[in-house]
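Observations on chain architecture
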Amino acid sequence: MTLPRSGWAFWIAGLARQASRPMLIIVGTAERAQWMAQDLALWLGPERIHRLPEPPALPYERAPWPPEVRAERLAALAALAGLNGDPAPVVVASTRALLLRTLPPRLFHRLRRILRTGQELPMDGFIRYLLEAGYEPVTTVTHPGQFARRGGILDLFPSTGSEPVRIEWEADRLASMRAFDPTSQRTLRPVEQVRILPAREPLPAYGPAVAERLAAWQPMVEAPAEAETLERERGALARGAPFPLLEFYLPYFYADATTPLAYLPEDAWIILLDEAEIQAAWEELMEEGRELRARA
């Protein structure tokens with residue numbers, strides 16, 4: 001008997017409750033992934049459900065990834081890697097979301113940190129870590145993945161957090177941590193623990209190697225405006241500095257770049273919903289990629 005689509009979420013929720021193991025649900029399109037994640041959240045609770053989104057940019061299209069897409073992808077990768085404290089997360093992903101190359105799991109694990117009030121942690125060393133993990137230094141934090149220093153105080157917006165945290169140092173000790181509203185700058189409440197994950201999938205610290213490869217290729221660009229833009233971005237890569245189109249260069253960042261499937265633990269279940277739709281989405285994406293590549 002074929003299960004109707006209206007019953008898919010109920011069936012998967014039942015499996016998730018009984019199996020109590022990580023699950024990756026693969027669907028054909030981003031719209032289907034969003035609907036499935038919403039339906040599963042009704043049955044299992046939103047804290048257990050994660051959606052691995054696909055960026056709005058088309059293949060070969062030079063368009064920035066919105067901060068919320070970057071944050072949601074990092075949260076889903078953390079869930080698959082078992083870094084959320086939940087041994088049985090359920091991650092929903094579209095075909096295209098799984099095809100994108102990403103940060104190798106070894107780096108994701110190495111750059112994970114947990115801060116606790118009272119912890120001994122030199123501020124200068126912590127800022128060096130934030131830069132390596134892809135966090136952007138700014139004057140005022142407004143989005144995930146940013147930090148701002150003012151003397152012995154550091155405002156930090158964790159990449160997967162819902163609000164920034166103001167951290168105050170006394171010598172080399174974390175004296176206090178407080179969540180605050182980035183709009184009004186008002187303190188919301190004390191915080192005893194903060195989890196920090198990489199800020200982006202392409203880490204700017206690995207940009208210089210990418211810049212060397214781009215210089216070696218010496219691409220032929222006829223339009224002066226495009227050549228100027230590419231040279232400016234190559235300069236940012238060479239400096240290891242973040243910029244809006246950094247994700248465009250993600251496939252060139254790591255020698256061992258992989259897909260999100262590499263984050264799956266050995267006991268995870270993979271469920272393909274509507275294989276025909278997944279196959280059609282794959283073929284459409286490949287054809288679209290070939291057309292855009294030829295046009296570019």
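Preceding this section is the structure that the text describes.
Residues numbered from 1 in each chain as written. Predicted model: local features only at pLDDT ≥ 70, side-chain atom pairs only at ≥ 80, totals over all residues. Heavy atoms only, no water.

Here we come to empty space enclosed by the protein. According to the stated counting rule, one finds one cavity of 30 Å³ or more in the structure shown. Considering only enclosed or pocket space, the largest cavity measures out at about 30 Å³ in volume. P67, R70, A71, P144, S159 and A199 are the residues that line the largest cavity. Taken together, the residues that form the lining of the largest cavity break down as four nonpolar, one polar and one charged. (1 Å grid on protein atoms, 1.4 Å probe; cavity = no way out; pocket = protein on both sides within 12 Å on 5 of 7 lines; lining within 4 Å. Points joined across faces, edges and corners; volume = space filled by probe spheres on them. Nonpolar A, V, L, I, M, F, W, Y, C, P; charged D, E, K, R; others polar.)

On to the environment of A78, then. Among the structural elements, A78 can be located in helix α3 (residues 67–80). The spatial distance from the C-alpha of A78 to the C-alpha of T102 is 13 Å, given a sequence separation of 24 residues. With near-sequence residues (within four places) excluded, A78 lies in contact with L83, N84, F108, R195 and L197. (Helix = DSSP H or I, 4+ residues; strand = E, 2+ residues; numbered from the N terminus. Contact = heavy atoms within 4.5 Å.)

Attention shifts here to helix α9 (residues 275–295). Its 21 residues place the ends of α9 30 Å apart at the C-alpha level, agreeing with the 30 Å of an ideal helix rising 1.5 Å per residue. All buried positions along α9 are accounted for by E277, I278, A281, L285, G289 and L292. Looking straight down α9, one finds that the buried residues subtend no more than 105 degrees of arc, so they occupy a single side. Relative to its buried face, α9 has exposed residues pointing more than 90 degrees away, namely E275, A276, R290 and A294. Contacts from the buried residues of α9 go to β1 (23–27), α2 (30–44), α4 (95–99) and β12 (269–272). (Expected span 1.5 Å × (residues − 1). Buried < 20%, exposed > 50% of the residue type's maximum accessible area, 1.4 Å probe, protein only. Arc of directions from axis to C-beta.)

To continue, consider the sheet that holds strand β5 (residues 136–137). Strands belonging to one sheet form pairs held by backbone hydrogen bonds; the direction of such a pair is parallel or antiparallel. As summarised here, the arrangement of the six strands in space is β5-β6-β7-β8-β9-β10, forming an open sheet in which the pairing is mixed. Both edges of this open sheet fall to β5 and β10 (187–190), since each of them pairs with a single strand only. As paired elements, strand β6 (residues 146–150) and strand β7 (residues 153–157) share five bridges and run antiparallel to each other. The residue bridging Q146 from the neighbouring strand is F157, located in β7. This element, helix α6 (residues 123–132), spans β5, β6, β7 and β8 (165–170) of the sheet and lies at about 25 degrees to β7. (Pairing = 2+ DSSP bridges. Axes fitted to C-alpha atoms, helices over the stretch in contact; angles between N-to-C directions.)

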